[in-house]
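# Descriptive analysis of the structure
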Amino acid sequence: MTSKNIILTSEDIKQFETEGFVIVKGLFSEEDLVEIDQTFEEISNQIIPGYFTPDLNPENTDPLKRYPRVMHPHRFNETAKRFMLHKPVLNVLSELFNEEALAAQSMFYYKPPGARGQALHQDNFYLKVEPGNCIAAWTAMDQTDQENGGLLVVPKTSNYELVCPESSDSKESFTTHYVKPPKDRKPIPAIMDRGDVLFFNGNLIHGSYRNKTKNRFRRSFICHYANSSATSIGSPYRPLFRADGSEVDMDANPDGGPCGIEYDSPYIH
């Protein structure tokens, strides 16, 4: 069952424009969330080459090897594709973009207890949407807070240029890139309830710390979208999809970004 249609308030729009992010409640019903739960619980016990390759060895001590990210589940699972194109989410995106939103990517993070976080970064460094930008729709499948490694956002950095990342601390981050926030900007936690959706601009600096809990996962269903007037996007995110599920074959963007090179690992964000 789909939740009621949500229309953003003028305050929501203003926050997104000035802070670079906004949290919206009520876009998913509990029935929706349970269906997503069940789908990714089933996936977690499979090996799907190219999309999900867990280490099922019981002697493995890294929780993220047992529960890595699921990449592009919409390419092999119809439920994931349906919720990537979830109408209430697309309605919000169309208001934030002020035009039609095209779905480019889906992911699912399990983030089990003890899992490392993800160093601060900018999404459009990887998606390379031009002209325009990407927007993430980050859905909390569990309550998220600082203890279980909830997302951190750096307000008012959505208008900053993309920057070439530094190397991250591999003991704390499972990704290798780190974007240092400006001196006058500090990361703050996005405290979210199950089913809340955090929308944020592709230039916004964000990331997360380690899950410090003993028994709480921090699962999230994350999708990225491009504005329909864009003409190019990073090759790994093609094809894109309209709300009706039809494909859009946008041009591949060969630009290496601020570092002037292409990265071998396009799914680092």
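Everything below is about the structure printed above this text.
Here the structure is a predicted model, which means the values were calculated and not measured.

Applying the stated criterion across every chain yields a total of 14 salt bridges. The closest approach of N and O atoms between Asp-142 and Arg-219, which form a salt bridge, is 2.8 Å. In this pair, Asp-142 is assigned in the loop between strand S5 (134-140) and strand S6 (151-153) and Arg-219 in the loop between strand S11 (206-208) and strand S12 (220-227), connecting sequence segments 77 residues apart. A residue is classified by how much of its surface remains accessible, and Asp-142, at 17% relative accessible area, is buried. Arg-238 is paired through a salt bridge with Asp-249; the nearest N and O atoms lie 3.1 Å apart.

Here we take up the packing of aromatic side chains. Counted according to the given criterion, the structure contains 10 aromatic pairs. Considering the side-chain rings of Phe-40 and Phe-108, the 4.1 Å spacing of their centres and the 5° angle between planes classify their relative orientation as stacked. Of this pair, Phe-40 sits in helix H2 (residues 30-43) while Phe-108 sits in strand S3 (residues 101-109), placing them 68 residues apart in sequence. Like Phe-108, Phe-40 is buried. Ring centres of Tyr-67 and Tyr-110 lie 5.4 Å apart, and the angle between their planes is 50°; this geometry places the pair in the tilted category. On the criterion of sequence distance, the pair formed by Tyr-67 in the loop between helix H3 (63-66) and strand S2 (70-71) and Tyr-110 in the loop between S3 and strand S4 (118-121) is long-range, its members being 43 residues apart. By relative accessible area, Tyr-110 is classed as buried at 4%. Site record: aromatic cluster; members linked through ring pairs are Phe-40, Phe-52, Tyr-67, Phe-108, Tyr-110, Phe-217 and Phe-221. The positively charged end of Arg-66 is found above the aromatic ring belonging to Tyr-67, 4.4 Å away from the centroid.

Basis of the calculations
- Residues numbered from 1 in each chain as written.
- Predicted model: local features only at pLDDT ≥ 70, side-chain atom pairs only at ≥ 80, totals over all residues.
- Heavy atoms only, no water.
- Salt bridge = Lys/Arg side-chain N within 4 Å of Asp/Glu carboxyl O.
- Helix = DSSP H or I, 4+ residues; strand = E, 2+ residues; numbered from the N terminus.
- Buried < 20%, exposed > 50% of the residue type's maximum accessible area, 1.4 Å probe, protein only.
- Phe/Tyr/Trp six-rings, centres within 6.5 Å; stacked < 30°, edge-to-face > 60°.
- Lys NZ or Arg CZ within 6 Å of the ring centre and 35° of its normal.

So, to be careful, I would describe these as geometric facts and stop short of saying anything about function.
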